[in-house]
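Summary of structural features
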Amino acid sequence: MPVPLRPADLASRKLAGLPITVLTAWDSLSGALVAEAGADAVLVGDSLAMTVLGHATTLPVTLEEMLHHTRATGRGLASVCSPGQEPLLICDLPFLSYQCSADAAVAAAGRVLKETPAAAVKLEGAEPETLAVIDRLVRSGIPVMGHIGLTPQSVHQLGYRRQGNDDVSREKLRRQALALQVAGCFALVLEHVPPELGADLQRTLALPVIGIGAGEACDGQVRVTADLLGLTSRQPPFSPPLLPGRALALEALRSWVGSWPQPAQAPPAAPATRPATPAAPHC
Ligand code: KIV
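Residues numbered from 1 in each chain as written. Predicted model: local features only at pLDDT ≥ 70, side-chain atom pairs only at ≥ 80, totals over all residues. Heavy atoms only, no water.

**Let's talk about the site of the ligand**
Thr24, Leu43, Gly45, Asp46, Ser47, Asp92, Lys122, His147, Val189, Glu191, Val222 and Val224 make up every residue found near the ligand. Separating an oxygen atom of the ligand from a side-chain N or O atom of aspartate 46 is a distance of 3.1 Å. Contacts to the ligand include serine 47, whose side-chain N or O atom sits 2.6 Å from an oxygen atom. Relative to its unbound accessible surface of 260 Å², the ligand loses 95% to contact with the protein. Looking at the shell around the ligand, its residues break down into four nonpolar, four polar and four charged. (Near = heavy atom within 4 Å. Polar contact = N/O pair within 3.5 Å; in protein donor to acceptor, adjacent residues only side chain to side chain. Areas by Shrake-Rupley, 256 points an atom, 1.4 Å probe, with all protein chains shown as cover. Nonpolar A, V, L, I, M, F, W, Y, C, P; charged D, E, K, R; others polar.)

This is how it looks when you write it as structure tokens:
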């Protein structure tokens, strides 16, 4: 029986030159889909704030909501995998659940590990305060995946623009990646940076580099499943859809809706003696 992937195994996958695939999920339906598709790891990303909950950014999603969606995703994985064979489940720590203090971060990440089947958390950034938080989490026994480059929780500072476009910012990203490795992250998400930087970090770090919009040369790739399936209205330029999922679903649903009313049927005979009751209000 194959042994399920644990956070620390990703580094051996890198050493062995085996690619790592990570897909996001947000509920039991999407969890079952990505597990059945064979993803090595499943990320309940805070992108669910935008793709599923209808927010304009990832900032509003709460820890309670992340826990709720991670539990649902875990049930989806369990529904299609033998016990103990589920892909590695990772949960994003939402905005302000880890930035205020290391204590708050341990409490938030501790709830993820205690109250959901996730075995690791992901958080954004590599400023000195964030590195201190990661160090504390790792020393508390909580595996952490880092995330630099385009970091959507900093949208009001960085926008959704590609990062690492000049020598200074590329050098900063190199230093941040190394600092995250030293702080003890088990892997690093690198989002929307030049492909040469993705290749460079893949070569120079022992840490597995999981890219999205960071070129093909990374150790692994992560994608937002709703983007891959073409379900979102805001498609990131670096993550093209594999199929026009929204258009296909709309076509099918419109054809079902348009197939009604069915051919007229004879109305049931009204009882002769009962007075007509007023119609119930409809919403
Ligand atoms: O929230 C998310 O889905 C992510 C991926 C883009 C890696 O962080």
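**What about the sheet that holds strand E2 (residues 41-44)?**
Spatial ordering of the closed barrel is given by E1-E2-E3-E4-E5-E6-E7-E8, a layout of eight strands whose pairing is parallel. The mean angle between the axes of side-by-side strands here comes to 25°, regardless of whether they run parallel or antiparallel. Relative to strand E3 (residues 88-92), helix H4 (residues 63-80) is tilted by about 165°, and along the sheet it contacts E2 and E3. (Pairing = 2+ DSSP bridges. Helix = DSSP H or I, 4+ residues; strand = E, 2+ residues; numbered from the N terminus. Axes fitted to C-alpha atoms, helices over the stretch in contact; angles between N-to-C directions. Contact = heavy atoms within 4.5 Å.)

**Here's the deal with helix H5 (residues 102-115)**
Between its terminal C-alpha atoms H5 stretches 20 Å, which fits the 20 Å expected from 14 residues at 1.5 Å a residue. Every buried residue of H5 is listed here: Ala105, Ala108, Ala109, Gly110 and Val112. In this structure, the buried residues of H5 make contact with H4, E3, strand E4 (120-122) and helix H6 (128-139). (Expected span 1.5 Å × (residues − 1). Buried < 20%, exposed > 50% of the residue type's maximum accessible area, 1.4 Å probe, protein only.)

**Overview of the packing of helix H2 (residues 28-36) against H4**
Here H2 crosses H4 at 45°, and the two axes come no closer than 7 Å. By the angle between their axes, H2 is oblique relative to H4. Every pair of crossing elements has a handedness; the one defined by H2 and H4 is right-handed. Residue-level inspection shows Ser28, Gly31, Ala32, Ala35 and Glu36 of H2 in contact with H4, the latter providing Ala72, Thr73, Arg75, Gly76, Leu77, Ser79 and Val80. (Parallel < 35°, antiparallel > 145°, perpendicular 65-115°, else oblique. Left-handed = near helix turned anticlockwise from the far one by under 90°.)

**Here's the deal with the packing of H5 against H6**
Their axes nearest at 9 Å, the elements H5 and H6 cross at an angle of 45°. Between H5 and H6, the interaxial angle falls into the category oblique. At the point where H5 passes H6, the crossing takes the right-handed sense. When H5 is examined against H6, the residues Ala102, Asp103, Ala105, Val106 and Ala109 are found in contact with a partner set consisting of Val133, Arg136 and Leu137. The residue makeup of the contact of H5 with H6, split by class, is six nonpolar, no polar and two charged.

**What to know about the side chain of histidine 69**
For histidine 69, the location among the structural elements is in helix H4. Given the relative accessible area of 12%, histidine 69 is considered buried. Residues within four places of histidine 69 in sequence aside, it is in contact with Trp26, Val44, Leu48, Val52 and Leu53.

**Here's the deal with the nonpolar core**
Counting residues in hydrophobic clusters, the biggest one holds 53 residues, and the most contacted among them are Leu93, Val112, Leu123, Leu137, Ile148 and Leu180. If you look at the next biggest cluster of nonpolar residues, it comprises 19 residues, including Leu10, Val22, Ile90 and Phe186. (Core = buried A, V, L, I, M, F, W, Y, C linked by side-chain atoms within 4.5 Å.)

**Here's the deal with the pairing of strand E1 (residues 20-24)**
For E1, the tally of buried residues reaches four of five residues, placing the bulk of the element in the interior. As defined by bridge partners, E1 adjoins strand E8 (residues 220-223) across four bridges and the pair is classed as parallel. When the sheet's bridge partners are listed, leucine 23 is paired in E8 with arginine 223. Of the strand pairs in this sheet, E1 and E2 are connected by three bridges, and their pairing is parallel. Paired with leucine 23 across the two strands is valine 42, which belongs to E2. Traced from E1 through H2 to E2, the parallel crossover comes out right-handed. (Right-handed = clockwise from strand over helix to strand, strands pointing away.)

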